[in-house]
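Given next are the chains, with one letter for each unit.
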Amino acid sequence: HLVESGGGLVQTGGSLRLSCAASGRTFSASAVGWFRQAPGKEYEFVAIINWSGVQTHYAASVQGRFTISRDNTKKMTYLTMDSLKPEDTAIYYCVFPKVYGVPREFADYNEYDSWGQGTQVTVSS
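These remarks concern the structure in this document. (Residues numbered from 1 in each chain as written. Predicted model: local features only at pLDDT ≥ 70, side-chain atom pairs only at ≥ 80, totals over all residues. Heavy atoms only, no water.)

A word on the overall build of the protein
Then comes step 1: A count of helical and extended segments in the protein gives 0 helices and 11 strands.
Then comes step 2: Put simply, the protein runs from its N terminus to its C terminus through helices and strands in the order β-β-β-β-β-β-β-β-β-β-β.
Then comes step 3: Compactness check: the protein gives a C-alpha radius of gyration of 13 Å against a globular reference of 14 Å for 125 residues, within 12% of the reference.
Then comes step 4: Overall, the protein is about 40 × 25 × 25 Å in size when its C-alpha atoms are taken along their principal axes.
Then comes step 5: Residue burial in the protein is summarised as follows: out of 125 residues, 44% are buried.
Then comes step 6: Residue pairs at least 24 apart in sequence account for 59% of intrachain contacts in the protein once pairs closer than 6 positions are excluded.
Then comes step 7: Summing over all exposed atoms, the protein offers an accessible surface of approximately 6200 Å²; the carbon and sulfur share of this is 50%.
Then comes step 8: With 11 positive and 11 negative side-chain charges, the protein shows a spacing of 5 Å between the two charge centroids. (Helix = DSSP H or I, 4+ residues; strand = E, 2+ residues; numbered from the N terminus. Rg over C-alpha atoms; globule rule 2.2 N^0.38 Å. Buried < 20%, exposed > 50% of the residue type's maximum accessible area, 1.4 Å probe, protein only. Contact = heavy atoms within 4.5 Å. Areas by Shrake-Rupley, 256 points an atom, 1.4 Å probe, with all protein chains shown as cover. Lys, Arg positive; Asp, Glu negative; His and termini not counted. Charge placed at Lys NZ, Arg CZ, Asp CG, Glu CD.)

As for unusual backbone geometry
Then comes step 1: With a phi angle near 55°, Lys75 is a residue other than glycine that sits in the positive phi range.
Then comes step 2: In this fold, Lys75 is placed in the loop between strand S7 (66–71) and strand S8 (76–81).
Then comes step 3: Although it is not a glycine, Ser83 sits at a positive phi angle of roughly 50°.
Then comes step 4: On the accessibility criterion, Ser83 (41% relative accessible area) is partly exposed.

Things to note about the packing of aromatic side chains
Then comes step 1: Within the structure shown, the criterion is met by 9 aromatic pairs.
Then comes step 2: A ring pair is formed by Phe35 and Tyr112, whose centres lie 5.0 Å apart and whose planes are at 70°; its orientation type is edge-to-face. A residue pair is termed long-range when its members are at least 10 positions apart, and Phe35 in strand S4 (residues 32–37) and Tyr112 in strand S10 (residues 112–115) qualify at 77 residues. Accessibility classification places Phe35 together with Tyr112 in one group, the buried group.
Then comes step 3: Consider the rings of Tyr43 and Tyr109, whose centres lie 5.6 Å apart with planes at 50°: the pair is tilted. With a gap of 66 residues between them, Tyr43 in strand S5 (residues 43–49) and Tyr109 in the loop between strand S9 (90–97) and S10 connect regions that are remote in the sequence.
Then comes step 4: The class of Tyr43 is partly exposed, set by a relative accessible area of 32%.
Then comes step 5: Ring pairing ties together the aromatic residues Phe35, Tyr43, Phe45, Tyr93, Phe106, Tyr109, Tyr112 and Trp115, which thus form one cluster. (Phe/Tyr/Trp six-rings, centres within 6.5 Å; stacked < 30°, edge-to-face > 60°.)

Looking at the sheet that holds S7
Then comes step 1: Reading across the sheet, the 4 strands line up as S1-S3-S8-S7 and stay open at both edges, with antiparallel pairing between neighbours. Whereas interior strands pair on both sides, the edge strands pair on one side only; in this sheet they are strand S1 (2–5) and S7. If you compare each strand with its neighbour and ignore which way they point, the axes differ by 15° on average.
Then comes step 2: Note: S7 against S8, 6 bridges, orientation antiparallel. Paired with Asp71 across the strands is Met76, a residue of S8. (Pairing = 2+ DSSP bridges. Axes fitted to C-alpha atoms, helices over the stretch in contact; angles between N-to-C directions.)

Rendered as structure tokens:
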């Protein structure tokens with residue numbers, strides 16, 4: 001079970017931090033990721049972090065602007081988003097992969113079987 005929070009409306013160039021609270025799974029042993037979906041578009045991979053936080057991957061579109069992190073003691077994952085752009089506007093979802101590690105095809109949404117309800121991020125121009 002995953003619950004996202006922290007979305008909202010922000011101006012171009014602004015920042016937001018999304019949070020994801022996890023339950024019902026051995027959180028500290030599992031990779032956790034973020035996807036997003038803009039209106040009328042497919043799900044898009046954003047970032048993923050392995051169980052220890054040592055391994056991370058980002059979409060090219062967010063590399064250098066977004067940072068994924070986790071706190072295993074709190075069973076929380078975070079997505080810190082800086083230098084936001086209007087094209088970042090989307091519903092952001094926290095996800096667990098089908099496997100505990102980082103999937104080989106980590107950008108493929110079919111590799112994930114547990115999704116939160118999503119949180120809306122809107123970046124105004």
